[in-house]
Amino acid sequence: MKRALIALALVASSAIAAPIAHADEGLKWMTGCWRTADKSYKEIWSKPEAGFLFGYALTYDETGAVSFFEQSRIDGGAPAVFNAYPGGFGPSEFTEVSRAKNTVTFENGRHDYPQRITYTRKGSRMSATISLLNGARANTWEFRRC
């Protein structure tokens with residue numbers, strides 16, 4: 001009986017410690033290395049694993065040196081949550097508000113800028129657009145595979 005109670009306690013504690021997120025295979029189209037045509041910006045995204053996608057971005061100056069970096073993590077779930085760590089600080093959390101085939105949008109209306117982040121994949125190209133919630137101050141990066 002005592003062993004059964006210990007086993008039950010171990011099972012219960014492991015369930016509590018398990019990640020809430022689920023592998024988000026629906027975003028696997030983001031996986032890989034993506035770079036702008038002028039090679040000034042690059043994003044790399046991992047395959048979905050254990051409920052997460054991990055990413056990082058590098059911005060290069062005219063000499064090819066890294067001038068800025070950002071780490072990112074997408075926690076799978078319904079909805080998914082995009083966590084940005086610009087310059088290593090954060091997270092700034094953006095919650096998924098829409099998803100269709102090869103496109104996903106995250107928003108955080110309390111954030112100064114950006115408030116909306118949208119990724120879209122078309123064939124061998126991907127784009128990322130950031131803006132305010134009303135679409136103002138939009139900036140888009142067009143990527144090709146590295």
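As shown above, the structure is provided for reference.
Residues numbered from 1 in each chain as written. Predicted model: local features only at pLDDT ≥ 70, side-chain atom pairs only at ≥ 80, totals over all residues. Heavy atoms only, no water.

Caption draft 1: The overall build of the protein, seen in detail. Across its full length, the protein carries one helix and 10 strands. Within the protein, contacts between residues separated by at least 24 positions form 27% of all contacts whose residues are at least 6 apart in sequence. As presented, the protein carries roughly 8,900 Å² of accessible surface, and 58% of it is formed by carbon and sulfur atoms. (Helix = DSSP H or I, 4+ residues; strand = E, 2+ residues; numbered from the N terminus. Contact = heavy atoms within 4.5 Å. Areas by Shrake-Rupley, 256 points an atom, 1.4 Å probe, with all protein chains shown as cover.)

Caption draft 2: Structural context of the pattern of salt bridges. Applying the stated rule across the entire model yields three salt bridges. Between Glu107 and Arg116 there is a salt bridge; the shortest N-O distance is 2.8 Å. Accessibility expressed as a relative area gives 23% for Arg116, which makes it partly exposed. (Salt bridge = Lys/Arg side-chain N within 4 Å of Asp/Glu carboxyl O. Buried < 20%, exposed > 50% of the residue type's maximum accessible area, 1.4 Å probe, protein only.)

Caption draft 3: Representation of the sheet that holds strand 1 (residues 32-36). With antiparallel pairing, 10 strands are arranged side by side around a closed barrel as 1-2-3-4-5-6-7-8-9-10. Each strand of the sheet is rotated relative to its neighbour by a mean of 25°, with strand direction disregarded. Relative to strand 3 (residues 52-60), strand 2 (residues 41-45) runs antiparallel, the two being bridged by five bridges. Bridging across to strand 3, Trp45 finds its partner in Gly55. (Pairing = 2+ DSSP bridges. Axes fitted to C-alpha atoms, helices over the stretch in contact; angles between N-to-C directions.)

Caption draft 4: Layout of the environment of Thr103. Turning to its location among the elements, Thr103 is positioned in strand 7 (residues 103-107). The residues touching Thr103, leaving out its near neighbours within four places in the chain, are Trp29, Ser98, Thr118, Tyr119 and Thr120. At 3.0 Å, the side chain of Thr103 and the side chain of Thr120 are in polar contact. (Polar contact = N/O pair within 3.5 Å; in protein donor to acceptor, adjacent residues only side chain to side chain.)

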